[in-house]
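Letter by letter, the chains look like this.
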Amino acid sequence: MGCLGCEDQPNDKNDEEPGPTKPSERGCTDVLCCCLMLLYWVGMLGIFGLALTFGNPYSVVYGKDYGGFRCGIPGEGVPDPTLSKIYYPQLSADLARQSDLIETPWKLHLYGLCVETCPQQGEVVTDYGCSRPTLYPQASKSKCTNSRGQWVTPLNTQNVLNRCMPVTSIEGNKTLLCSMPNCLQAKRPCYKAQYAERNFWQLNPTDTGAMSQCVTQVQIGTTLQYDAAGAGPAEAKLAQSMTGLNQVVFAIMESKIAIAVFGIAAPLVLGFFFIFLMRWAAGPIVYLGIFVLMITMFAATLLCAFKAEFFGGYLSEMLAAQGNSTYVLSATDQYRDLYDSVTSHAAVQTVSSYAEFIQPTAICKGGLDSCGREFDTQIYKIATLALMVLDFGYLAFICLFSHQISIAVAIIEESSSVIAHQPTSLFYPFVTIGALVVLSAYTVVGGVFIGTLNNDAIESAFGNFTDELSGFNDEYGEGQFNLTALNGLDPDQTTHVKMALMGYHVFGFLWAVNFLLAGSTMVIAGSVSFWFFYRNNTDEYPTLPVLSSMHMVVRYHLGTIAFGSLCLALVQALRAILEYINYKTAEAQEGNFLLKMSMCCVRCCMWCFEKCIKFVSGYAYIYVALNGDSFCSACKATFTLFLSYPAQVSVNAFVQTLLRVLQCVALPVGCAVGCYYYADKLDGSPNALVPSFFSLILSYAVCRVFSGVYETTVDTIFVCAMRDKDKFDGRHTPEGLAEVLGIN
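Residues numbered from 1 in each chain as written. Predicted model: local features only at pLDDT ≥ 70, side-chain atom pairs only at ≥ 80, totals over all residues. Heavy atoms only, no water.

### Details of the confidence of the model for the protein
Part 1 of the reasoning: Looking at the protein as a whole, its pLDDT mean stands at 79, while 77% of the residues score no less than 70.
Part 2 of the reasoning: Here helix H11 (residues 345-358) stands out as the least confident element of the protein, with mean pLDDT 37; helix H18 (residues 558-584) is the most confident, with 93.
Part 3 of the reasoning: Across residues 1-10, confidence stays below pLDDT 50; counting only partners more than four residues off in sequence or on other chains, it has 23 contacts.
Part 4 of the reasoning: Contacts of residues 481-486 to residues separated by more than four positions or lying in other chains number 9 contacts, the stretch itself having pLDDT below 50. (pLDDT = per-residue confidence, 0-100. Helix = DSSP H or I, 4+ residues; strand = E, 2+ residues; numbered from the N terminus. Contact = heavy atoms within 4.5 Å.)

In structure tokens, the structure reads:
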């Protein structure tokens, strides 16, 4: 028996049926992978249960005071359970003493006091440990003796996960003045409080006449910034971070309506409008994008050619004389300053030798000024030649594959028609997003519990596990197995065990994320294939194509989704390990150019490999939805498609990239600009960049959902059309697409 109670039999009727293989003719695919994922999740749930039993989430929610007692927990040594927050009165000294542990804050030992509310500047916090020396032998003797345990708060503090973090206090005032025209020219009263010799005059924003008369504005003022005495860079940075966090939260709360409108509502409306527009104007939009890209590439080539002086020195001198060639002049000034700063003959000789190494045939004879210009010219020449090659290749690509571009346009038009007939396909990915949110919450909670496992908890858990195994060994194994290796784990071993559990947990998250995304792709592909082959057959076309496709995928192809998502998760895990190695060897790479280049090449290759896996598996899921094949068979069919129609596959990917840029860059940027204007002009937000940034992120996520559905629909239409053309003479292909494909 196969997965979910069905036989794992290959499909032998792919070439006989024109449409998707019927459910009665499908079998469960890649059952072993389905079982493997189920077993893996049994382990995930077991680790989660272990973490729930022995983990201590209170260590994240509540801090410990300097006596080692948890704030806010009844029964601890803290005098009052209502003291749930922790304040660090000598944070500067603690951070200075443990500066080598700043990058690993969970290892810091800070002098903390439990308080009911976070104290503000000037408030006094009493050290309760002074009166309880038995429980708090670490109490500050000097503070308890000289100040009777009284700690004065130097800065305002802010509650962050029940930790009272210092916040930088900044006060000040600003005065708006006008500098051009000055007060004499404008016939206005001169501002005498400061800079009287500059003849400024004060502006009133409500005076429209004065505001229109002023050309150049000046703001002057006084700023007062409060810091703790003796605060080091670590505490100052922490205080500034808390201040910035406070400002971000305040800006978000002030502009929550603007974020909701421009981050969610506007992208939804624009996404539907974009798809509707593509149904009737796909050709003009695609060709306009191709033309704009060509003009951009030509403009970049001309700019580099101008900088490389391919047009001769006359044009450069003419523009420089008119003040339009500021870059050439600024580059000259830059290298002149460098030359003036180098006073030793040896240094000049060294830089000149370097310039000769770069350009052996053109030895600099005019000092560093000349060397700098020649070096810049060589760089621009190389860039110009490279761009010219790209321009020629781009033009050749457009000319040689113009027919394939017209086919891609026709496929896009049909894709818009499909989505118009199946609008629920646009909302299905939001179900996937909901599942991803739940999965992320599970992963975060599990990670917190696993991260709070202490050495005693891990050793106790392994002790219980060893006792169970020992009983099993004595009863069934006749004592043949040596289980003493699991007893008495030292702290280093328990740390490794915790890291292994966390790695298992995180990899399960990667696998599950790719599993959900792959399932979404396959469901949409199945519903589109129903439309392509059965749109004119009411008996075969399901009433709810998206739900019918989802039932088919869950019933038969969970194993295939598990297989494909496992392959991608393994590659992503390897990339994560590689990034960790790159981070740990950053200093070594700075002193070894070959090591740095090797690491960059390996990272680039892994990135390309991941993209290839995603590209191939995306088409493979379409073949699985269409034919009911296993993952390997679907990958084989995908490569057959690539070999049969390499030009069309490449053109489709190119056109989809253009549309993705338009949909996922232009629309979110437009929403962010609208949010900035709304927050700045209408809401009066103190920092309009914060809500505009969040609206940019949200609008990009919404637009990416729409573009993902659209791209899957385009690829499915292409696969169905090629299958219909090759095996059924194109009798199911829509008329417009059939005409472009040359099908009679």
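### Overview of the side chain of asparagine 162
Part 1 of the reasoning: Mapped onto the fold, asparagine 162 is located in the loop between strand S5 (156-160) and strand S6 (163-167).
Part 2 of the reasoning: Polar side-chain contacts of asparagine 162 include one of 3.0 Å to the backbone oxygen of valine 61.
Part 3 of the reasoning: What asparagine 162 contacts, discounting residues up to four positions off in sequence, is Val61, Tyr62, Ser84, Lys85 and Ile86. (Polar contact = N/O pair within 3.5 Å; in protein donor to acceptor, adjacent residues only side chain to side chain.)

### Things to note about the pairing of S5
In the case of a regular strand, side chains alternate between the two sheet surfaces.
Part 1 of the reasoning: Inspection of the sheet shows S5 paired to S6 by 5 bridges, in the antiparallel sense. In the sheet register, asparagine 156 faces S6, and the bridge partner there is valine 167.
Part 2 of the reasoning: Counted between consecutive antiparallel strands, the loop separating S5 from S6 contains 2 residues, among which leucine 161 sits at a positive phi close to 55°. (Pairing = 2+ DSSP bridges.)

### Some words on the pattern of salt bridges
Between side chains of opposite charge, a pair can form when the charged atoms approach closely.
Part 1 of the reasoning: What the rule picks out here adds up to 5 salt bridges.
Part 2 of the reasoning: In this structure, the salt-bridge partner of arginine 575 is glutamate 610, at a minimum N-O distance of 2.5 Å. One end of the pair, arginine 575, is in helix H18; the other, glutamate 610, is in helix H20 (residues 593-627), and 35 residues separate them in sequence.
Part 3 of the reasoning: With a relative accessible area of 23%, arginine 575 lands in the partly exposed category.
Part 4 of the reasoning: With its nearest N and O atoms 3.9 Å apart, the salt bridge here joins glutamate 590 to lysine 596.
Part 5 of the reasoning: The exposure class of lysine 596 is partly exposed, given its relative accessible area of 33%.
Part 6 of the reasoning: A single salt-bridge network, built from bridges that share partners, covers Arg575, Glu610 and Lys614. (Salt bridge = Lys/Arg side-chain N within 4 Å of Asp/Glu carboxyl O. Buried < 20%, exposed > 50% of the residue type's maximum accessible area, 1.4 Å probe, protein only.)

### A short note on the sheet that holds S6
Part 1 of the reasoning: Strand order across the open sheet formed by 4 strands is S2-S1-S6-S5, with mixed pairing between neighbours. Two strands in the sheet have a free side with no partner beyond their single neighbour: strand S2 (113-115) and S5. The average undirected angle you get between the axes of adjacent strands in this sheet is 45°.
Part 2 of the reasoning: As paired elements, strand S1 (residues 85-87) and S2 share 3 bridges and run antiparallel to each other. By the bridge assignment, isoleucine 86 is partnered in S2 with cysteine 114. (Axes fitted to C-alpha atoms, helices over the stretch in contact; angles between N-to-C directions.)

### Structural notes on the state of the cysteines
Part 1 of the reasoning: All chains considered together, the criterion is met by 4 disulfides.
Part 2 of the reasoning: One disulfide in the model links cysteine 118 with cysteine 164; its S-S distance is 2.3 Å. On the sign convention where negative means left-handed, the S-S torsion of about -85° between cysteine 118 and cysteine 164 marks this disulfide as left-handed. Pair noted here: cysteine 118 is in the loop between S2 and strand S3 (124-126) and cysteine 164 is in strand S6, with a separation of 46 residues, a long-range link. (Disulfide = S-S within 2.5 Å.)

### Quick look at the environment of glutamate 579
Part 1 of the reasoning: Examined against the element boundaries, glutamate 579 turns out to sit in helix H18.
Part 2 of the reasoning: On the accessibility criterion, glutamate 579 (30% relative accessible area) is partly exposed.
Part 3 of the reasoning: Put simply, glutamate 579 and arginine 603 are 24 residues apart on the chain and 7.8 Å apart in space, counted from C-alpha to C-alpha.

### Some words on the packing of aromatic side chains
Part 1 of the reasoning: On inspection of all chains with the given rule, the structure shows 26 aromatic pairs.
Part 2 of the reasoning: Taking 5.7 Å as the distance between ring centres and 50° as the angle between the ring planes, the aromatic pair formed by tyrosine 111 and tryptophan 151 counts as tilted. Taken together, the residues tyrosine 111 in the loop between helix H3 (91-97) and S2 and tryptophan 151 in strand S4 (residues 150-152) connect sequence positions 40 residues apart. Take tyrosine 111 and tryptophan 151: they sit in the same class, and that class is buried.
Part 3 of the reasoning: Taking 5.9 Å as the distance between ring centres and 85° as the angle between the ring planes, the aromatic pair formed by phenylalanine 693 and phenylalanine 694 counts as edge-to-face.
Part 4 of the reasoning: Given a relative accessible area of 48%, phenylalanine 693 falls into the partly exposed group. (Phe/Tyr/Trp six-rings, centres within 6.5 Å; stacked < 30°, edge-to-face > 60°.)

### Considering the packing of helix H13 (residues 402-421) against helix H23 (residues 689-728)
Part 1 of the reasoning: Running from N to C, H13 and H23 point in directions that differ by 115°, and their axes come no closer than 9 Å. In this structure, the crossing between H13 and H23 has a hand that is right-handed. Only Val709, Tyr710, Thr713, Val714, Ile717 and Phe718 of H23 make contact with H13, whose side of the interface consists of Ile411, Ile412, Glu414, Ser415, Ser416, Val418 and Ile419.
Part 2 of the reasoning: Here the contact of H13 with H23 is built from residues that sort into 9 nonpolar, 3 polar and 1 charged. (Left-handed = near helix turned anticlockwise from the far one by under 90°. Nonpolar A, V, L, I, M, F, W, Y, C, P; charged D, E, K, R; others polar.)

### Comments concerning the nonpolar core
Part 1 of the reasoning: Ranked by size, the top nonpolar core spans 87 residues in total, and within it Ile412 and Leu659 carry the most contacts.
Part 2 of the reasoning: A total of 14 residues in this core trace back to one element, the largest contributor, which is helix H16 (residues 491-534).
Part 3 of the reasoning: Once residues within four sequence positions are removed from consideration, leucine 659 is found in contact with Phe274, Met278, Ile285, Val286, Ile412 and Tyr710.
Part 4 of the reasoning: Core analysis: the second largest hydrophobic core is formed by 23 residues, Ile86, Tyr111, Cys118 and Ala139 among them. (Core = buried A, V, L, I, M, F, W, Y, C linked by side-chain atoms within 4.5 Å.)

### Some remarks on unusual backbone geometry
Part 1 of the reasoning: Looking along the chain, the bond that leaves methionine 180 and enters proline 181 is cis, with omega of -5°.
Part 2 of the reasoning: The backbone of lysine 187 sits at a positive phi, close to 60°, despite the residue not being glycine.
Part 3 of the reasoning: When you line up the elements, lysine 187 lands in the loop between helix H5 (183-186) and strand S8 (201-202).
Part 4 of the reasoning: Judged by its relative accessible area of 76%, lysine 187 falls in the exposed class.

### Some details on the environment of tyrosine 700
Part 1 of the reasoning: Relative to the helices and strands, tyrosine 700 resides in helix H23.
Part 2 of the reasoning: Using a relative accessible area of 40% as the deciding quantity, one classes tyrosine 700 as partly exposed.
Part 3 of the reasoning: Each C-alpha atom of the pair tyrosine 700 and valine 665 lies 7.4 Å from the other, and the pair is 35 residues apart in sequence.
Part 4 of the reasoning: In contact with tyrosine 700, not counting residues within four places along its chain, are Cys664 and Pro668.

### Describing the packing of helix H8 (residues 256-307) against H13
Part 1 of the reasoning: Interaxial distance between H8 and H13 falls to 8 Å at its minimum, and their mutual angle equals 155°. Between H8 and H13, the interaxial angle falls into the category roughly antiparallel. The element H8 and its partner H13 pack so that their crossing is right-handed. Within the contact between the two elements, H8 uses Ile275, Met278, Arg279, Ala282, Gly283, Val286, Tyr287 and Ile290 and H13 uses Ile405, Ser406, Val409, Ile412, Glu413, Ser416, Ser417, Ile419, Ala420 and His421. (Parallel < 35°, antiparallel > 145°, perpendicular 65-115°, else oblique.)

### Overview of the environment of leucine 574
Part 1 of the reasoning: For leucine 574, the location among the structural elements is in helix H18.
Part 2 of the reasoning: Its relative accessible area of 51% is what places leucine 574 among the exposed residues.
Part 3 of the reasoning: Taking the C-alpha atoms as reference points, leucine 574 and glutamate 610, separated by 36 residues in sequence, lie 10.0 Å from one another.

### Quick look at a nonpolar patch on the surface
Part 1 of the reasoning: Together, Phe273, Phe276, Leu277 and Trp280 make up an exposed nonpolar region whose accessible area comes to about 470 Å².
Part 2 of the reasoning: Of note, phenylalanine 273 is situated in helix H8. (Patch = residues over 30% accessible without salt bridge, like charges linked within 9 Å, V, L, I, M, F, W, Y side chains within 5 Å. Areas by Shrake-Rupley, 256 points an atom, 1.4 Å probe, with all protein chains shown as cover.)

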